[in-house]
Amino acid sequence: MTRNDLGDRQRDDLKGRLNHDRTPARVILTASRDVAATRTGQNLLWMLTNLLVRQQDEIASIEVRLPAGIPVHPGISPLIPPEGDFTELLGIGMCRINPQLGTINSGLTTVAIRVGPGALPEANYGLYASAAGWSGYTGTHEAAWLPTDENPIGAYVAAALTAGEAFKFLRSVHPEYGEMTDATWFDAHGMAVVDGPRLGPQLPEAIPGVTATLAGVGAVGSAFLHLLYALPQLTTTLTAIDGDQKGIELSNLNRYVLFCQDDLGQPKASRVQKMFEGSGVTITSRDLLWQDWIATHPTELMDLVLSCVDNNMARHAIQDALPRYILSASTFELRVQLVAFKREEDEACLRCYNPLPKVKSDDEVIAGLQAQSSEARAEAALEHQVVPEQLETYLRDPQKHCGLITGDILRKFAGQSGEEWSVGFVSAFAGVLLAAEYLKRSLGECAERLEGLGNMIRFQFWIPGAAVNEVTHWPQDPKCLCSSAFYRAAIRKV
Ligand SMILES: [Zn+2]
C-alpha cells in the first residue's frame, strides 16, 4: 500500500511520541453471554470492533470469542444486517470496513479485550471495557457490569477509550508524553473523568430531538450520526451539509465509523440521508460547501449548528451566518475538544482563537517545493495532475519557465504540508461527546449543560485519567470581530 490507504492518516510517529515496534497485532475480543446479549453490550462490542478494524497498520487480525446463538438487537448499526447471530454479523461488518483483516491470522503482539467481567485470554496486554448509562470505562482492572438502561453513550465512550488504549499500547506511546491507564471512567453527562460508573438521567421512551444543522459529515459528523442511529427512541430533523467534491475516500475510512468500502466515492451528505431513511432521524442532505449552501438556501439555517468541520475557513463561514447556538466538536492528534457558543454580547464566538491560515506567497511555495526531495515533488505533482517533469523544469528557473505552471496551479501546492494526522477513536469520542451534549439539550433543562464559564470540555487520550480532562472556559478573544461594536449591533438585529 502507498499513500492514501486506510492507515495513511495515523501512520506518522508524531515526532517520536509513537512507534511501530509492536505492530501488527492480533486482538482477541471476548464477553460473557450475559453481557453480549444486552443492547449495551452489543453497542459496545460493535463500536469497539468498528474502531479496531480501522487500525489497519496496527491490527492484523481480530478474533471475536463470543458464545454462539446470541441474536442481534435491531438498530445496532447500518453497517451490520438487522437480524441474525450477533457474532456472525460482527464479522460481516468488519469485512465491509477492512476486507484485508483476517487474511493474516497472526501478529507480533496479542492484545486481549474483555467487555464486562471475567477472565482475560492470555496476551501481551489485557484490557477491560464496561459501560453504565452515560459513562464508559477502560482499564487493565476488571470493572463491574451494571444493569443499565439502553443508553448507547456510555457504551460508545467505553469503545473509544478502549480502542485508544489498545492503539497506545501497540504504538508504544513514549512515556514522556503518555501513559496507559489502570482504570478510567468518563461520564459524558457531567463531561468529566469520574471515580466510578455514573448512570445519569434515564433516557425516556420517546426523545423529540432539537432540529439542527450539521456542518460536516466527516470523521466527527459520522460518529455523531452513528450514535443517533443507535437511539431508536429519537425523532429529529437535521440538515446535513458537506461539500467535499471527492466524497468518501479510502484514507477517510480509518475514522469514518458510519462508512465502509461500499461507500467509496459517494457524496457524504447524500449518503447519510439515504442511510437514515425510514428511521426517526430525518436528514435533508446538501452536498455543498457551507458558503454555497447558505447563499442558496438561506431559510434552512436552524437555531442550533453542530460544527464538525475540520478547518478554520469553514468555522469562520459558519460563524458569519450568526447561528444562535453552535456546538463545535474538533480533534487535534490525540485530543478532543467540544465548545458551546451562544450568540450573545461578551460571549466567545467560533472565530475566537481560530485564526485563518496564513496565505503563502508564490515565492514561499516555490521555495518549499525546491526544498523537497524529487520523489516527494513527483508524488505531489501527480496528486495535482501536473506532469512531474514539467514541475522540475519550472522549479529550475521559475521566471524563465513561468508559462509551464500557472499561478492557480502553483497555489494548489501551497497546502503541501500534507493531511493532518488523525485516528478513529479520537474523532469517534468527539462525535459521541457532541451527541451527548445534543441529547442533553433535547431532553430539556440540564444543570450540566456546557455554557458560560464552563462552555468547553477538552479530553486528551495521552493520559486519560488526567485532571486536565475536564470542563473549562473558552474565553472571548478581545481581538476577534465579536468584540467589536459592529458585531454587537449586528447580533441585536438578528
Ligand atoms: Zn469571536
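Everything numeric in this text was worked out from a predicted model, so none of it was measured.

Visitor: Please clarify how the environment of Cys352 should be interpreted in this entry.
Guide: Tracing the sequence through the fold places Cys352 in the loop between β14 (335–342) and α9 (362–371). Taking the C-alpha atoms as reference points, Cys352 and Pro478, 126 residues apart in sequence, are found 8.4 Å from one another. In this view, Cys352 contacts Trp474, Pro475, Gln476, Asp477, Cys480 and Cys482; residues no more than four positions away in its chain are not counted.

Visitor: How do you make sense of the domain arrangement of the chain when you look at a structure like this?
Guide: The figure often quoted for interface size is the accessible area lost as the parts come together. When cut into domains, the chain gives domain 1 (8–194), domain 2 (207–355 + 421–493) and domain 3 (373–415). Here the C-alpha centre of domain 3 lies 36 Å away from the C-alpha centre of domain 2.

Visitor: Whenever I open this one, the coordination of the zinc ion confuses me. Can you help?
Guide: Around a metal, the perfect tetrahedron of four donors has angles of 109.5 degrees, and the perfect octahedron of six donors has angles of 90 or 180 degrees. Within the first shell, the zinc ion binds the protein through Cys349 (SG), Cys352 (SG), Cys480 (SG) and Cys482 (SG), at distances of 2.3 Å. One can describe the site at the zinc ion as tetrahedral: its four donor atoms subtend angles covering 95 to 125° at the metal. Motif for the zinc ion, donor spacing along one chain: C-x2-C-x127-C-x1-C. Highlighted residues: Cys352 in the loop between β14 and α9 and Cys480 in the loop between β16 (471–472) and α14 (485–493), separated in sequence by 128 residues. The same class applies to Cys352 and to Cys480, which are both buried.

Visitor: Can you walk me through the side chain of Asp85 in this structure?
Guide: Topologically, Asp85 is positioned in the loop between β2 (59–65) and α3 (86–97). Buried within the structure, Asp85 lacks any salt-bridge partner; Arg33 is the closest side chain of opposite charge, at an N-O distance of 7.4 Å. Separated by 2.8 Å, the side chain of Asp85 and the backbone nitrogen of Gly69 make a polar contact. A polar contact of 3.1 Å, which involves the side chain of Asp85, links it to the backbone nitrogen of Thr87. Other than its neighbours up to four places away in sequence, Asp85 contacts Ala68, Gly69 and Ile70.

Visitor: Got a minute to help me understand the pairing of strand β15 (residues 456–460) in this structure?
Guide: Side-chain positions along a regular strand alternate between the two faces of the sheet. Within β15, four of the five residues are buried, leaving the element largely enclosed by the surrounding structure. As paired elements, β14 and β15 share five bridges and run antiparallel to each other. Residue pairing across strands places Gln337 opposite Arg458, the latter belonging to β15. Relative to β16, β15 is paired through two bridges, and the arrangement is antiparallel. Pairing of Ile457 across the sheet is with Val471, part of β16.

Visitor: Mind showing me how you'd approach empty space enclosed by the protein here?
Guide: If you walk through the whole model with that rule in mind, you get two cavities of 30 Å³ or more. In this structure, the largest cavity occupies an estimated 80 Å³ of space. Lining the largest cavity are Tyr325, Ala340, Phe341, Lys342, Glu347, Arg441, Arg449, Leu450, Glu451, Gly452 and Asn455. Partitioned by chemical class, the residues of the lining of the largest cavity number four nonpolar, two polar and five charged. A volume near 50 Å³ is recorded for the second largest cavity. Around the second largest cavity sit Gln319, Pro323, Arg324, Ile326, Phe341, Lys342, Arg343, Ala348, Cys349 and Tyr487, which together line it. Among the residues making up the lining of the second largest cavity, the classes are represented as six nonpolar, one polar and three charged.

Visitor: Whenever I open this one, α9 confuses me. Can you help?
Guide: An α-helical turn contains 3.6 residues, so a residue and the one three or four places further along point in the same direction. Taken as a whole, α9 has its buried residues at Val365, Ile366 and Leu369. Summarising the axial view, the buried residues of α9 lie within an arc of 100°, below the 170-degree limit, and thus occupy one face. For α9, the exposed residues set more than 90 degrees away from the buried face come down to Asp363 and Ala371. Tucked inside the fold, the buried residues of α9 contact α10 (374–383), α11 (388–396) and α12 (407–412).

Visitor: Explain the nonpolar core here, please?
Guide: Residues Val115, Phe224, Leu225 and Phe429 are the most contacted members of the largest nonpolar core, which totals 116 residues. The element that contributes the greatest number of residues to this core is helix α4 (residues 152–170), accounting for 13 residues. If you count residues domain by domain, this core takes at least three from each of domain 1 (8–194) and domain 2 (207–355 + 421–493). With sequence-adjacent residues up to four places away left out, Phe429 is seen in contact with Val157, Ala160, Leu161, Phe186, Val336, Phe459 and Phe461. In this structure, Ala215, Ala314, Trp474 and Cys480 belong to the second largest nonpolar core, which totals 23 residues.

What counts and how
Residue positions are given per chain, counting from 1 as you read along its sequence in written order. Note on the predicted model: pLDDT of at least 70 is required for a residue's local features to be given, and 80 or more for side-chain atom pairs to be given and counted; whole-chain, interface and lining totals, by contrast, use all residues. The side-chain values count all of the structure's non-hydrogen atoms but skip hydrogen atoms and water molecules. Comment: elements are numbered from the N terminus, with helices defined as DSSP H or I runs of at least four residues and strands as E runs of at least two. For this analysis, residues touch if any pair of their heavy atoms sits within 4.5 Å. Note: domain ranges come from an automatic or database domain assignment. The donor set comprises N, O and S atoms within 2.8 Å of the metal, extended to 3.2 Å for Na, K and Ca; water molecules are omitted, so apparent gaps in a site may simply reflect that omission. Labels for metal geometry use angle windows, namely 85 to 135 degrees for all angles of a four-donor tetrahedral site, and for square planar (four donors) or octahedral (six donors) sites opposite donors over 155 degrees apart plus all others within 65 to 115; sites meeting none of these are irregular. Relative accessibility thresholds used throughout: buried, under 20% of the residue-type maximum; exposed, over 50%; partly exposed, between the two (1.4 Å probe, protein chains only). For the purpose of charge, His is not counted, nor are the chain termini; Lys and Arg are scored as positive and Asp and Glu as negative. Whenever a carboxyl oxygen of Asp or Glu lies within 4 Å of a side-chain nitrogen of Lys or Arg, that contact is scored as a salt bridge. Any pair of nitrogen or oxygen atoms within 3.5 Å is treated as a polar contact; in protein, a donor-acceptor pairing is required on top of that, and neighbouring residues in sequence qualify only through side-chain atoms on both sides. A pair of strands is considered paired only if DSSP assigns at least 2 bridges between the two. Within this scheme a cavity is a closed region of a 1 Å grid, computed over the protein atoms alone, that accommodates a 1.4 Å probe without allowing it to escape, whereas a pocket is open but has protein on both sides within 12 Å along at least five of seven lines; lining residues each have an atom within 4 Å of a point. Grid points are joined across faces, edges and corners, and a volume is the space filled by probe spheres set on the points. Gly falls in the polar group here, along with every residue not listed as nonpolar (Ala, Val, Leu, Ile, Met, Phe, Trp, Tyr, Cys, Pro) or charged (Asp, Glu, Lys, Arg). Directions from the helix axis toward the C-beta atoms define the arc. What makes a nonpolar core is a set of buried Ala, Val, Leu, Ile, Met, Phe, Trp, Tyr and Cys residues whose side-chain atoms join them at distances within 4.5 Å.

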